[in-house]
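Structural features, examined
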Amino acid sequence: MSDDNLHSANGSSGKSWAARLLQVFAGEPKSREELVDLIQDAEDRDLIDNDTREMIEGVLDVAELKVRDIMIPRSQMVTIDIHQGVDEFLPIVIDSQHSRYPVVTDNKDHVEGILLAKDLLSYGFNMTDEAFSLDKVMRPAVIVPESKRVDVLLKEFRSNRYHMAIVVDEYGGVSGLVTIEDILEEIVGEIEDETDAHGNDEKTNIRRLSPSRYSIKALTTIEDFNQYFDTNFSDEEHDTVGGLVAHGFGHLPQAGEEVKLGNMTFRVTNADKRRIQQLQVSLDSDTDTPPESEQ
């Protein structure tokens, strides 16, 4: 084989997945459905792997989403009252482990700004002699409407270098908040950091967000879920929590949909066109907190 032919052969096998994918698109799909079918076909022919296919589909899905579809609802917002002292709101920061908190007055409809947890460091390590005041350290709050397109908001997040926005409804009332991480998770799936891992599969699949709210991977087995929450959901028809919840809906739900099973409310936080991927579980006020959540 000549050097030219050898180079041609190696070049063909060494093409990037993007270049090979472009070859698949030579048929010029006429609709989004045809495009998705081509992407699936590309995976079937090993031109791209499963992760790449899911990421491409995530990008396509984001282009069709509105902020209301992915926002954290008002009822689940962790906020700090502007009149609270450090000793009052610091336990909230430590327990929730978020990096940003809306600062409110009176109620959640009156957001005065955003507190970054890192801005507390200089006060905690005696790096400043200035008296602490939320008015001085909080950042301006960015306000966006529920109807804003998610892909447009992502561009604004990037260009303006902010990471959280307060979402308002058509009457100006606060309906929730959205972060850049919420958008990225729609594309690449659940993003976990070092605080999410607990050393075993059950703890990794079930993550405490607040005393009454948990993040649950849909592939968590019903057996592990029952053991953690001391519940007795049946696993005769379904093996996973995702299957149980999908059955409760009676259809494959989209992100943002909620269903109540027993004393728990299950909210879909991430799903594609084939399966539920991530859930948030909220316990009723009269439901005891599982002992494991205190560990």
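Notes on the structure follow. Position numbers for residues count from 1 along each chain, tracking the sequence in the order it is written. Local features are withheld for residues below a pLDDT of 70 in this predicted model, meaning they are given only at 70 or higher, and side-chain atom pairs are given and counted only at 80 or more; totals for whole chains, interfaces and linings count all residues. Calculation of side-chain values draws on the structure's entire complement of heavy atoms; hydrogens and water are dropped beforehand.

**Observations concerning the packing of helix H9 (residues 150-160) against helix H10 (residues 180-188)**
Here the axes come from fitting lines to C-alpha atoms, over the contacting stretch only for helices, and the angles between their N-to-C directions go from 0 to 180 degrees. Labels follow the DSSP assignment, with helices taken as runs of H or I lasting at least four residues and strands as runs of E lasting at least two, numbered in each case from the N terminus. Relative to each other, H9 and H10 sit at 125°, their axes nearing to 10 Å. Judged on the interaxial angle alone, H10 and H9 are oblique. Crossing of H9 against H10: the hand is left-handed. Between H9 and H10, the contacting residues are Val150, Leu153, Leu154 and Phe157 on the first element and Ile180, Ile183, Leu184 and Ile187 on the second. In what follows, roughly perpendicular refers to angles from 65 to 115 degrees, roughly parallel to angles under 35, roughly antiparallel to angles over 145, and oblique to any angle outside these ranges. Crossing handedness is read from the near helix: turned anticlockwise from the far helix by less than a right angle, it gives a left-handed crossing, and turned clockwise, a right-handed one. Between two residues, a contact is recorded if the distance between any of their heavy atoms is within 4.5 Å.

**Quick notes on the pattern of salt bridges**
Here a salt bridge means any side-chain nitrogen of Lys or Arg lying within 4 Å of a carboxyl oxygen belonging to Asp or Glu. Summed over all chains, the structure comprises six salt bridges. When the shortest N-O distance is used, the salt bridge between Asp109 and Arg74 registers 2.7 Å. Within this pair, whereas Asp109 is found in strand E4 (residues 107-116), its partner Arg74 is found in the loop between strand E1 (72-73) and strand E2 (80-81), the two being separated by 35 residues in sequence. Arg149 is the salt-bridge partner of Asp151, the closest N and O atoms lying 2.6 Å from each other.

**Side note on unusual backbone geometry**
A negative phi angle characterises most non-glycine residues, just as the trans form characterises most peptide bonds. The backbone of Asp46 shows a phi angle near 65°, a positive value even though the residue is not glycine. Positive phi is not limited to glycine here, since Arg161 has a value of about 60°. When you line up the elements, Arg161 lands in the loop between H9 and strand E6 (164-168). Taking the relative accessible area as the measure of exposure, Arg161 reaches 75% and is therefore exposed. Summary of the burial criterion: residues with accessible area below 20% of their type's maximum are buried, those above 50% are exposed, and those between are partly exposed, where the area comes from a 1.4 Å probe applied to protein chains only.

**Focus on H9**
Three or more residues of H9 are buried, namely Val150, Asp151, Leu153, Leu154 and Phe157. The buried residues of H9 occupy an angular sector of 160° when projected down its axis, which confines them to one face. Away from its buried face by more than 90 degrees, H9 exposes Lys155 and Ser159. Buried residues along H9 sit against helix H4 (50-62), helix H5 (67-70), strand E5 (143-145), E6, strand E7 (174-179) and H10. Following H9 by one or two positions, Arg161 adopts a phi angle in the positive range, close to 60°. Taken from the helix axis, the directions to the C-beta atoms give the arc we talk about.

**Notes on the environment of Val150**
Secondary-structure assignment places Val150 in helix H9. Between the C-alpha atoms of Val150 and Asp61, which are 89 residues apart in sequence, the distance is 9.7 Å. Among residues more than four places away in sequence, those in contact with Val150 are Val62, Leu65, Lys66, Val67, Ile70 and Ile183.

**Let's talk about the packing of aromatic side chains**
To describe a pair of aromatic rings, you give the distance between the ring centres and the angle between the ring planes. Planes of paired rings set the category: under 30 degrees apart is stacked, over 60 is edge-to-face and the rest tilted, where pairs are Phe, Tyr or Trp rings (Trp by its six-membered ring) whose centres lie within 6.5 Å. On inspection of all chains with the given rule, the structure shows nine aromatic pairs. Centroid distance Tyr214 to Tyr228: 6.0 Å. Interplanar angle 80°. Geometry classified as edge-to-face. Pair noted here: Tyr214 is in strand E9 (residues 213-217) and Tyr228 is in helix H12 (residues 222-229), with a separation of 14 residues, a long-range link. Across the pair, exposure class does not vary: Tyr214 and Tyr228 are buried alike. Consider the rings of Phe225 and Phe233, whose centres lie 5.9 Å apart with planes at 55°: the pair is tilted.

**Some words on the sheet that holds strand E3 (residues 100-105)**
Strands sit in the order E2-E3-E4 across an open sheet of three strands; the sheet is mixed. Strands at the two margins of the open sheet, each flanked by one partner only, are E2 and E4. Pairing between two strands is assigned when DSSP locates at least 2 bridges connecting them. Here E3 runs beside E4; their pairing, made up of six bridges, is antiparallel. Of the residues in E4, the one forming a bridge with Val104 is Val111. Its contacts with the sheet put helix H6 (residues 86-96) on E2, E3 and E4, and the angle it makes with E3 is roughly 145°.

**Comments concerning a nonpolar patch on the surface**
Patch building starts from residues that exceed 30% relative accessible area and form no salt bridge, then joins like charges within 9 Å and nonpolar side chains (Val, Leu, Ile, Met, Phe, Trp, Tyr) within 5 Å. All accessibility values rest on the Shrake-Rupley procedure with a 1.4 Å probe; residue burial counts only the protein chains present in the view. A surface patch of nonpolar side chains, about 320 Å² in accessible area, is lined by Met55, Val59, Leu184 and Val188. Looking at the nonpolar patch, the elements with two or more residues in it are H4 and H10. If you trace the backbone, Leu184 turns up in helix H10.

**Overview of the side chain of Thr52**
With respect to the element layout, Thr52 can be found in helix H4. Look at Thr52 and you get buried, because its relative accessible area is 16%. In protein, a polar contact requires one atom able to donate a hydrogen and another able to accept it; more generally it is a pair of N or O atoms within 3.5 Å, and residues adjacent in sequence count only if both atoms are side-chain atoms. Within the structure, the side chain of Thr52 is placed 2.7 Å from the side chain of Asp49, a separation counted as a polar contact.

**Here's the deal with the sheet that holds strand E12 (residues 276-283)**
Within a sheet, each strand pairs with its neighbour through backbone hydrogen bonds, oriented either parallel or antiparallel. The five strands are arranged E8-E9-E12-E11-E10 in an open sheet whose pairing can be described as antiparallel. Each edge of the open sheet carries a strand with a single partner, namely strand E8 (206-210) and strand E10 (258-261). Strand after strand, the sheet turns through a mean of 30° between neighbouring axes, direction not considered. Where E8 and E9 come together, four bridges link them in antiparallel fashion. When the bridges of E9 are listed, Ser210 appears paired with Arg213.

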